[in-house]
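# Architecture and fold: a report
Listed below, chain by chain, are the residues.
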Amino acid sequence: MDEAAIRLKMSHISKSFGGVEALRGVDFTLRRGEIHALVGENGAGKSTLMKIIAGVHAGFEGEMLLDGAPVHFHSARDALKHGIGMVHQELSVVPQLTVAENVYLGVQPITRLGAVDWAAMNKGAREQLQKLGLDLDPRMILGDLPIGIQQLVELSRVLFSGASIIILDEPTSALSPPEIERLFRSLRSLRDQGNSIIFISHFLEDVLAIADEITIFRNGRKVVAAPVTPEIDKAWIIQRMIGKGHEELESSYLGDITLASPKGARTVLEAEGLSKAGAFRDVSLTVKGGEILGIYGFMGCGQIELARALFGKLKCDAGLLKLDGAPHKLSNTARAAKAGIAYVPESRRSMLFHHEPIYKNTSIAILERLSRLWLKPDAERKIARQHIESLSIKTPGTEALLGNLSGGNQQKVGVAKWLTYLPKVLILSEPTRGMDVGAKEDVVKIVRNLRDQGVGIIIFSTEPETVLSLADRIMVMRKGTVSQEFADETISKDRLLAAA
Amino acid sequence: MTSTSEARPARQSVGDWFRNQLSNIAPFLTLLFLVAFFSFASSSFMSFGNLQNILQQVSITAIIAVGLTFVILTAEIDLSVASVANATGIVVAFFTLQDASVNIANIPLAGGFAIILAIATCVALGGITAIGVTRIGIPSFIMTLAMLQICDGISAMLVRGQIAYAVPSLVGELGSGSIFGIPWLIIVAALALLIGHVVLTYTRFGRYVYMVGGNREAAEYSGVNVKLIIAAVLMISAFCSGLAGMLGVAYFGSAQQNEFGTYLLDAIAAVVVGGTSLFGGRGGIGNTIIGLFVLGVLNNGLDHINIDSFLKILIRGLILLAALIINIYAERLRVSRSASH
Ligand SMILES: Nc1ncnc2c1ncn2[C@@H]1O[C@H](COP(=O)(O)OP(=O)(O)OP(=O)(O)O)[C@@H](O)[C@H]1O
Ligand SMILES: [Mg+2]
């Protein structure tokens, strides 16, 4: 490995945002033909360093050498010209455009007459996506497709753009295991062709499976950089990432899990024969107060739509919904919220207000309880402070704009906004997406705590770990129907995957 | 978790602050520039009497712009404001006893009833727009365009090419009277702006308006009744337009077809020139006030300097274009900054 040429060398990089020091004297070295994993807690500075490399942040201290020559990029376009491409943590596709247009964003092929070459574009997009195992009509509008597919489209745009340094900031957060496997195959082949890849992820198994080299950040500093050898395991990484004994943290649900036997509590939510054309068929479920129901399924199996239907965002074609035994018509989300249902969707963009301060984000769902007519900003700030404290949200304060938080910390705000008053039913879709191991553990604690206080909880996830670590009862969905239900028995990840 | 939440103040770099405030700073600088320019170019521009002129000239636009600010903050648009104003003004005259020379088959009522009927009319018109947009799902751009035509039709049907002059005495006083030398019209406009500001800034409803405009999907996922908020702002806009229409008829001294023609563009221009984002969620009555002054100073100032009146129209258009460019540019800067997370 040492023989390989150094492509990128960053030395003593520091970057602060006003009062917040995001990076303090960080070194980072990337070689030709390696997959280099970058891990660290939420807010450790990973995305910030990547944005410096990709030319998004032009102002910083320190030195950056590309192939031995000092460089300083002033824009993402600038970096792209030097062969550096980045997939951002936050999806940056254009939902209004077609799949093909998104694949070729900014670099559309042109015919000899100067018009956009649609035929070439659709064909090329189809081929690129097939390499990632996706077979779909490139003329479809991207925004209508599930978020996992949007992520794949964005990945293919950068992977096959010809960039020789490829930065992937949490690329797998919305992908199912087979999709991740195909992505890894593409990454390995790109590496073998001599490209360099930086891979950021909170899934440490993925990191160990794909990376040749690993760099760990903590609190804006580099802790260690080392080749990935067999001695390195999850505990080794976690210890350096967090610095205290979380070693047994993830092992808790790696083996077999015994699901709790159902308690004799009252049913809070009951759905009978819910159907929605093109999404799910004849789904029935019940949730008791003080119980966590996990719903597992691959991306696109209808679970996202089901979650939305339970929150009144999507109208069902057929079926009946009962809350506390009484039939309820959830014709819109306001009714659902009023009836005591809370919902945390899978996409940060669709649940948070990036241009607003934190306190307005944590209060929006409960404003009705805080004020009848006049706003009470002091009460809102107090609530925000409590959430910042109890969820360890890393931010300068309640006035900070949400968009300035790191990805994982934004996710925490998204969960926090429903926790001020206990809902009857809490629906969480991918609640731990983008969170570091410590934060995931916090979420597990919070959710268990809510369950113990009598909240009925439904967790939708495409990550087996999330479901296994939290659920008391598990339903597996496949192609829009419930394929299997596990309760009061011992179950492993393999059995879960087999049922999906 | 080792992460801490220190209580350090959220300091931003000067560049960040400037970018965030660009949409507020630019209109203000435009205003200062225009005032300086006209004071220099014309000796009669800078006077107390002329200030009152300017205020009076923008008052009707101001009342319409209050409602429009609500609508634009939710990222919708209302193109029917001037026509709703016109129709409401005609309705109030229609129900008032007219001079014998006025040849309209109208229905005279006591002043109070005429006013109530006029207000009911504009609120009902707003209600129809609201139903079209939120229930049926017609884009507000199209729905209010249709409403524009419908209101023009109502106006035409009621006056049939004639001109009515009389309005209820309360309307007449507010539209053309004054108290202690200050025209009532200016006071009503100032009150409308003040109420609009208070509602937007200090009430729960106002917060919802901003949040719906800032991210409609997130508002919906937070249990906000987005359709209700949008219906409400469309009805507020219609009400403000109706009020402006009644006072406008008194101010002009007559009620007839097409007399509010220029107010649609003026009201939109005032809101947008002031820096309220066409994409919703940013701006407010403060911005609208600056926008109103820019427009008022521009219109009035051009009258004070010797300039081709046709060129005047073109200049107004160019200033509007410049403001739109700044508006879009400021929005893009902001989005690109936060999309990079
Ligand atoms: N534009 C910005 N303005 C202010 N603060 C910022 C900005 N961008 C990042 N920060 C701060 O810098 C720190 C590092 O953030 P960064 O996004 O690099 O974290 P990260 O390691 O990518 O975390 P995550 O795993 O949650 O994505 C955080 O405390 C964050 O709040
Ligand atoms: Mg990040």
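The structure presented is a predicted model; accordingly, all values stated were derived computationally and were not measured.

### A look at the overall build of chain A
Summing up its helical and strand segments, chain A has 17 helices and 22 strands in all. Relative to a compact globule of 500 residues, whose C-alpha radius of gyration would be 23 Å, chain A shows 23 Å and is just as compact. By principal-axis analysis of the C-alpha atoms, chain A measures approximately 70 × 50 × 50 Å. Taken over 500 residues, chain A has a buried fraction of 59%. Taking all contacts inside chain A whose residues are at least 6 apart in sequence as the whole, residues at least 24 apart take part in 67%. For chain A, the exposed surface amounts to about 19500 Å²; the carbon and sulfur share of it is 49%.

### Describing the coordination of the magnesium ion (ligand 2)
All names here are of chain A. Bound to the magnesium ion (ligand 2) on the protein side are Ser-47 (OG) and Gln-89 (OE1), at distances that span 2.0 to 2.2 Å. With Ser-47 in helix α1 (residues 46-53) and Gln-89 in the loop between β6 (84-87) and α3 (99-103), this residue pair connects regions lying 42 residues apart in the sequence. The exposure classification of Ser-47 matches that of Gln-89, with both residues buried.

### Quick notes on the sheet that holds strand β5 (residues 69-70) of chain A
Residue and element names in this part refer to chain A. A sheet is described by the order of its strands in space; here 4 strands give the open sequence β2-β1-β4-β5, paired in antiparallel fashion. The open sheet has two free edges, formed respectively by β2 (20-31) and β5, since each of these has just one partner strand. Bridge analysis of strand β1 (residues 6-17) against β2 gives 8 bridges, and the strand direction is antiparallel. Within the sheet, the bridge partner assigned to Ser-16 lies in β2 and is Glu-21. α1 rests against β1, β2 and β4 (61-66) of the sheet, and its axis sits at about 120° to β1.

### A few points about a nonpolar patch on the surface
Together, Ile-107, Leu-109, Phe-113, Ile-116 and Leu-117 of chain B line one region of the surface with nonpolar side chains, adding up to about 460 Å² of accessible area. Given the relative accessible area of 33%, Leu-117 of chain B is considered partly exposed.

### Here's the deal with the interface of chain B and chain A
Listed per partner, the contact involves 35 residues of chain B and 59 residues of chain A. Between chain B and chain A, a total of about 4200 Å² is buried, with carbon and sulfur atoms accounting for 52% of that surface. Inspection of the chain B/chain A interface yields 2 salt bridges. Here Arg-207 of chain B ties to Glu-380 of chain A by a salt bridge, and the two come within 2.8 Å at their closest N and O atoms. Linking chain B with chain A are 11 residue pairs in polar contact (both at pLDDT 80 or more), by the criterion used here.

### Re the domain arrangement of chain A
Residues and elements named next belong to chain A. Each assigned domain of chain A is listed with its residue range as follows: domain 1 (3-254), domain 2 (257-340 + 423-499) and domain 3 (354-404 + 411-421). Each of domain 1 and domain 3 was reduced to a C-alpha centroid, and the two centroids are 31 Å apart. If you look at the interface, domain 1 gives 5 residues, while domain 3 gives 4 residues. Roughly 270 Å² of surface becomes buried between domain 1 and domain 3 when both sides are summed, with 52% attributable to carbon and sulfur atoms.

Basis of the calculations
- Residues numbered from 1 in each chain as written.
- Chains lettered and ligands numbered in written order.
- Predicted model: local features only at pLDDT ≥ 70, side-chain atom pairs only at ≥ 80, totals over all residues.
- Heavy atoms only, no water.
- Helix = DSSP H or I, 4+ residues; strand = E, 2+ residues; numbered from the N terminus.
- Rg over C-alpha atoms; globule rule 2.2 N^0.38 Å.
- Buried < 20%, exposed > 50% of the residue type's maximum accessible area, 1.4 Å probe, protein only.
- Contact = heavy atoms within 4.5 Å.
- Areas by Shrake-Rupley, 256 points an atom, 1.4 Å probe, with all protein chains shown as cover.
- Donors = N, O, S within 2.8 Å, 3.2 Å for Na, K, Ca; no water.
- Pairing = 2+ DSSP bridges.
- Axes fitted to C-alpha atoms, helices over the stretch in contact; angles between N-to-C directions.
- Patch = residues over 30% accessible without salt bridge, like charges linked within 9 Å, V, L, I, M, F, W, Y side chains within 5 Å.
- Salt bridge = Lys/Arg side-chain N within 4 Å of Asp/Glu carboxyl O.
- Buried area = accessible area lost by both parts, 1.4 Å probe.
- Polar contact = N/O pair within 3.5 Å; in protein donor to acceptor, adjacent residues only side chain to side chain.
- Domains from an automatic or database assignment.

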